[in-house]
Each structure stands twice: as C-alpha cells, then as structure tokens.
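Breakdown of the fold
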Amino acid sequence: MFWLLVRRDLALALRRPAALALPVVFFVLAAALFPFAVGPDAKLLLAIAPGVLWVAALLAALLPVETLVAPDVADGTLDQLVTRGLALETFAAARLVAHWLSFALPLLVALPVAGVLLGTPALAPLALGLLIGTPALAALALLAACLTAGLRGGGALAGLIVLPLALPVLIFGVGVGQPGGLQLLGAATLVIVAVTPFAAAAALRSGME
Amino acid sequence: MRRESGYAATMNTAPALIVEKLACARGGRLLFEGLGLRVERGGAVQIEGRNGAGKSSLLRLLAGLLRPAGGRIDNPFRIGWAGHELALKPNMRLRDELTHWARLDGRDAAAVDAALAAFDLLPLAELPVGVLSSGQKHRAVLARAHASGAELWLLDEPGVGLDAASLERLAAAMRAHRAAGGLVIAATHGDIGLDAPQKLVLDQLVLA
Amino acid sequence: MHRFANPARFLRIARVLTLPLTLLGLGLTAAGLWIGLFDSPPDYQQGESVRIMYVHVPAAWLGSGGYLGLAVASAVALVWRHPLAEIAARAIAPVGAAFTAICLISGALWGKPTWGTYWVWDARLTSMLVLLFLYLGYLALSSAEAERGGGKAASILAIVGVINLPIIKYSVEWWNTLHQGSSIRLSGAGASSSIAREVLLPVLLSVAGFSLLFGAIVLMRMRAALAQQAVAARSRRIAAAYT
C-alpha cells in the first residue's frame, strides 16, 4: 500500500515536468541572486556559498507546499483512502518520501550548477549535508502543507510556520564541516522525519472534522 | 476506523452493520441523536430528509470520515465510498485512474472492466477524466465503488445528474450487489430504484 | 498575416518545409563544424579550445534571437489574437531555452582552459544567464496555463521580459563595472573585427545551419501542438456525443 502510494505520487509528478522543474530552477535562481546583491568577489562568494545554498534549498522545498496535499483534500482523494482503512500516517509518510524524491534528487543534480555560479570548488561535503538534511526540509514542508490545507493564502502561511522550525536543520547543515556537525544534522533529520507523519496526520484529521 | 466486529459475532452469527444511539454534531449544532440501525448482508437503507438534516454527515460517520458525538458504529464490512468528490485526476485517463484505485483494493483489471461496463463507461475509458461531463464523472465515482469489491456501498445522492438509462443501470448494479450479499446505504432525495429498502427519515430524529 | 491563420493551410506549408529545412540545416551545420574543427587554424593564444566557438556563437545568437521571436509571436498573439502565434510562441520557448543553455554550457567549458574557471560574473555571461531564467519563467507559466486550458498570461510575461531586457542588460553592465576588479576581459569571440576569414566562414556556416535547424524544430513542435489540440478536441467531442 505504502509503495503503491509513493509510486502513484511520482507518476503524477512525472506527468507535470514543469512543476517538477520549478523548485530546482528556483534553487539555482535564488543562489544566482546573491552575487548580484553582494558582488561577484570570489572570496566573499566562497565564504557564503554553503549558507546561500542551504537557504535556497529550504525555499525550494517550500515552493510546492500549496500543491502538496491541498488538492487531495479538496478532490476527495483523502476520503477515498481513509474509507479503505488506510492510516493517515501512512499517507503522510508516503507523501513525504515522494516529495523528497521529487524535489531533493533534482536539487542535488542541480547543485554543481549552483556551485559553479558561486565558485565553490569542493561540493562533496555540501552535497552530503544536503542529502542528509533535505528529508527534514521535505518533512517540514509537508507538515506545513497539512496544517494549511484548505486555508486561504496557505502558501505564505506555510513559510511563516516552517522557517523557525527549519532553523536547527539550517544551523547543523551549514556546520557539516565542523566536528560532529554531520551527526547533529543526521539526528535532527531523524527526529523531524520520524515525528512528521504523526503530526501531519493529526493535522489532516482535525481538518476533516 | 471502527471495526469492533467481535461484539456483533457474539450477538448474532450473521455479520451486520450495527449502529446504536448514534449522535452527530456539526459546527456546534446537534444534527441528530439516538439513531439506531441494523443492516445485514443483502440489506439496503435509504436515508431521506431535507437539506441540512445530516444525510451526508450520517454517511460520513458510517464511512469513518467523521467522529460521532455519541453512540457507536460496529461495521465488519469493507467500504466502497461514492461521495460528491471525484478523487480522479483530470488529466489522467479514466481507466488508469480506476485501475489505480482497484490496485489499492487488491483488485485486477477484470474488476475495472466489469465496473466500467456496469455503468456504460467502456467507450469513454481511454479519455482523460477532465473532458467527461458531470454525469459521466458521477458514474465513474460509482464505478470505483463497484470495482472495489467492498461489501458495503455508501452512496451520497447517487441519482444526481443521471439520465433515465443511467438510473436504470445504477438500480441494476445495486440489485446485483445485494443479490451477491452486498449492502447498500444511500442518501437520496428521490427514488433511486432500491428494492424494499429500510427507510430512515432524518427529520423525525431531531429532538428539539 | 491571416493568410496562415487557417491551421490546415499552415500545416500544408509546414509539412512541405520541415524536411528540406532539416536536411539543409544538418548539411550546413555539418559543413561549418567540419571546417571549424578540422580545416581552420587554432587560435595563437587559446589553441584548440577556440573551436568551441563554432557551437557557442550560433547558440548565443539563437538563444537571444529566439527570445525576440518568442516576444514577437506573443505580441501577435495578444494584439491580433492570432491562434497560431500562441502555438508558435510555445514552440519557440523550449528550443530557445535549450540553445541558451548550450551557449552557457559551451561557454563554461571554453572558460575553464581559457580563464581557469567555469564561470565569471562577466556582463555578457550574466545577461545570458538572466535570459535563461526569463525563458524558464515563461515555460513554467505557459505550462501551468496550458493545464488550465490556455490563457494570455505567458504572452504578457514574454513581452514584459523583452521590454525589461535592455534594462536588465544595462543594470548588469553597471553592476559589472562596479566590480571591475574581479572581472576578466573577454577576447576572441567578442572582437568580431579581428576575426580572420578562415574562422569567419565556418562560423557563418554553422550559424546558418543551426538557424535552419531551429526553424525546423519549431515547425515540428507546432505541428505536434496542433495535433495534440486536435486530439483534445476529439476527446471532448466523444465525451459530449456519448451520454
């Protein structure tokens, strides 16, 4: 059941390649904005590159938040799943996996492009950090999507909700090079990913009442 | 999901949907309370009542989509839900969409074909759902319940938007379903061709 | 103008034109690249890497020329409500974006041996990057609109983009002079007056060849889009005829 749902989500995402590309393009564009704002000084860019890329990744994860669960609530897909005895936690976990696969993997592919623009020579630690940290970003975006599903202006609201919650991921993610940084990031991700399906399901359940 | 089937088994060997002292409140308003119901295999219930009396809410309670304000529901059956919402993606083909749901129900392509045939949707099976008329979409929703293989069909206004021929098909499908041991509970304004259903009129249940 | 408004007439002409355009385009491109790669001298400063120019220059020209075409087609779609113009705009956009991307990628590959880095925030490179983002924005909007059944928003965006382009270019140049210290002066492809004849011929050949291929691809995409429209209309007719 779980993998059927994941496969369904991915199949639907692949049918809309433009929507799939959006977060990635946004990621690169947001990263490319910084040289314009702070100047193209290579030393300066090198220093801020990890932070810039992490912020860009966080914003990219939030981008599809309005289409993440709200359409499924509105068109009755959720009702159909619940009447089949499916736990909303399972639904949330499957959606989390699908969202991570469809936003984080393309993002990692686009990372070298953003890295070249910012003149970052060593991308490997950054890529490792993003690989470990993006599940948490996907989870937080999903949680925000479930909390705001069916509300007017849910997208802006979601940003407000997620940004403070994402702070630890950002801090540990940028600090991956420091001793213990990678472990802290992994631990933060594990906690967030483990809690999210339950919190998201509770949010969905309260929305259905 | 409420599936405390053990209780029903001790009372009676035949499995049945049993509702006791059910109460429903929506938006702070009590819609009904003290509602009791017992439906066995082959049975049917027609829920009637004016708009806002709580027909849809009762169906959602039975489907496990709402929590009751009081009382209990004991449902040993699997549910085929046909509400007002389509839950089919508009840019996907009708057959592919129904197949997706059938796969979740553990059913094969033959079940989908049978359901499409039962509601005369076979000629439209390869079209994207988005181009179908509202009546055709409604039949697709009914076909999903048909293909699910679930014993208990919960139908919300199943006759809306259907022409005479489609109503005839719906009646035939419900007849066949009940003959095979299935149950039908439908909320409806008018007659939808259920043979000798229990009638449940919600207006009379409201306590002032 | 409205002589081509009828899709049937357009399709007749397009069907005849597609194959010769493709073949001629392939021929010229092959000739240009052959001469460029094997029969032209290496640059006395840059050596063999200068040959990337024979892909880079046509891609740059088609990337920016394509955006102009996109804007013109969008304007025609908006002002005269010409049904084919919108299809043309949608057909041009991804091809133009692809050539812009090829220009950027080939430029980066060229830059590595020449400047020692894949990317510098030079005014011309930066403008090209912004152009790619304009393309991607148009593509995203038009595909979102197509899902809803069409609309004029993407056309408006394309025109706003082309009006904004000089401002963007000027601002980028101003920004670039602000940080003059870190920028690297370009040579070679930019200094057109000093291009030798042996180099000019293959450049012109490949520019012409790539342009014809661009036209052929746009025609094919337009035909595919019209075919898709016909399928969608047919589906709706079937659903409507069948109760």
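Residues numbered from 1 in each chain as written. Chains lettered and ligands numbered in written order. Predicted model: local features only at pLDDT ≥ 70, side-chain atom pairs only at ≥ 80, totals over all residues. Heavy atoms only, no water.

What follows is about the pairing of strand 5 (residues 79-82) of chain B. All names here are of chain B. Residues Ile79 and Trp81 of strand 5 are buried on one face, and the alternating residues Gly80 and Ala82, pointing to the opposite face, are buried as well. Strand direction decides the pairing type here: strand 5 and strand 6 (residues 152-156), joined by 4 bridges, are parallel. Across the sheet, alanine 82 pairs through a bridge with leucine 155, a residue of strand 6. (Buried < 20%, exposed > 50% of the residue type's maximum accessible area, 1.4 Å probe, protein only. Helix = DSSP H or I, 4+ residues; strand = E, 2+ residues; numbered from the N terminus. Pairing = 2+ DSSP bridges.)

If you check the backbone angles, B:Ala196 has positive phi at about 45 degrees while not being a glycine. Mapped onto the secondary structure, B:Ala196 falls in the loop between strand 7 (183-187) and strand 8 (198-201). Given a relative accessible area of 72%, B:Ala196 falls into the exposed group. Positive phi, normally seen in glycine, also occurs at C:Arg81, with a value near 50 degrees. Within the fold, C:Arg81 resides in the loop between helix 2 (53-79) and helix 3 (83-115). Residue C:Arg81 is classed as exposed on the basis of its relative accessible area of 61%.

A word on the interface of chain B and chain C. With 10 residues of chain B at the contact, the number on the chain C side is 6 residues. Contact between chain B and chain C buries roughly 700 Å² in total, counting both sides, with carbon and sulfur atoms accounting for 61%. Three residues, B:Leu127, B:Val131 and B:Gln136, lead the burial of chain B against chain C; their summed loss comes to 49% of the area buried on that side. Inspection of the region where chain B meets chain C yields 0 salt bridges. Summed over the shared surface of chain B and chain C, the number is 1 residue pair in polar contact (both at pLDDT 80 or more). Here the side of chain B that touches chain C is built from residues that sort into 6 nonpolar, 1 polar and 3 charged. (Contact = heavy atoms within 4.5 Å. Buried area = accessible area lost by both parts, 1.4 Å probe. Salt bridge = Lys/Arg side-chain N within 4 Å of Asp/Glu carboxyl O. Polar contact = N/O pair within 3.5 Å; in protein donor to acceptor, adjacent residues only side chain to side chain. Nonpolar A, V, L, I, M, F, W, Y, C, P; charged D, E, K, R; others polar.)

Attention now moves to helix 1 (residues 7-38) of chain C. Residue and element names in this part refer to chain C. Taking 1.5 Å per residue as the helical rise, helix 1 with its 32 residues ought to reach 46 Å, and the 44 Å between its terminal C-alpha atoms agrees with that figure. In helix 1, a bend of some 30 degrees at leucine 17 exceeds every other bend along the element, and proline 20, a proline, comes one to four places later. Taken together, the buried positions of helix 1 are occupied by Phe10, Ala14, Thr18, Leu21, Thr22, Gly25, Thr29, Gly32, Ile35 and Gly36. Here the buried face of helix 1 lies against helix 2, helix 3 and helix 6 (197-241). (Expected span 1.5 Å × (residues − 1). Bend = angle between axes of the 7 residues up to and from the residue.)

Glancing now at the interface of chain A and chain B. Opposite the 23 residues of chain A that make contact, chain B presents 24 residues. Its largest share of buried area at the contact with chain B, chain A owes to A:Arg8, A:Thr83 and A:Arg84, together 28% of the area lost on that side. Linking chain A with chain B are 5 salt bridges, by the criterion used here. If you look at where chain A meets chain B, you find 9 residue pairs in polar contact (both at pLDDT 80 or more). Listing elements by their share of the side of chain A that touches chain B, those giving two or more residues are helix 1 (2-14), helix 4 (70-74), helix 5 (77-83) and helix 10 (181-208) of chain A. Examining the composition of the side of chain A that touches chain B, we find that 6 residues originate from one element, helix 5 of chain A, more than from any other. Residues that form the side of chain A that touches chain B fall into these classes: 8 nonpolar, 5 polar and 10 charged.

The predicted model of chain A averages 90 in pLDDT, with 100% of residues at 70 or higher. Predicted confidence in chain A is weakest over helix 8 (residues 154-165) of chain A, with a mean pLDDT of 85, and strongest over helix 5 of chain A, with 94. (pLDDT = per-residue confidence, 0-100.)

Here we come to the side chain of C:Ser235. Mapped onto the elements of the fold, C:Ser235 is located in helix 6. Note on C:Ser235: relative accessible area 9%, which makes it buried. Ignoring sequence-local partners within four residues, the contact set of C:Ser235 consists of B:Leu127, B:Pro128 and B:Val131.

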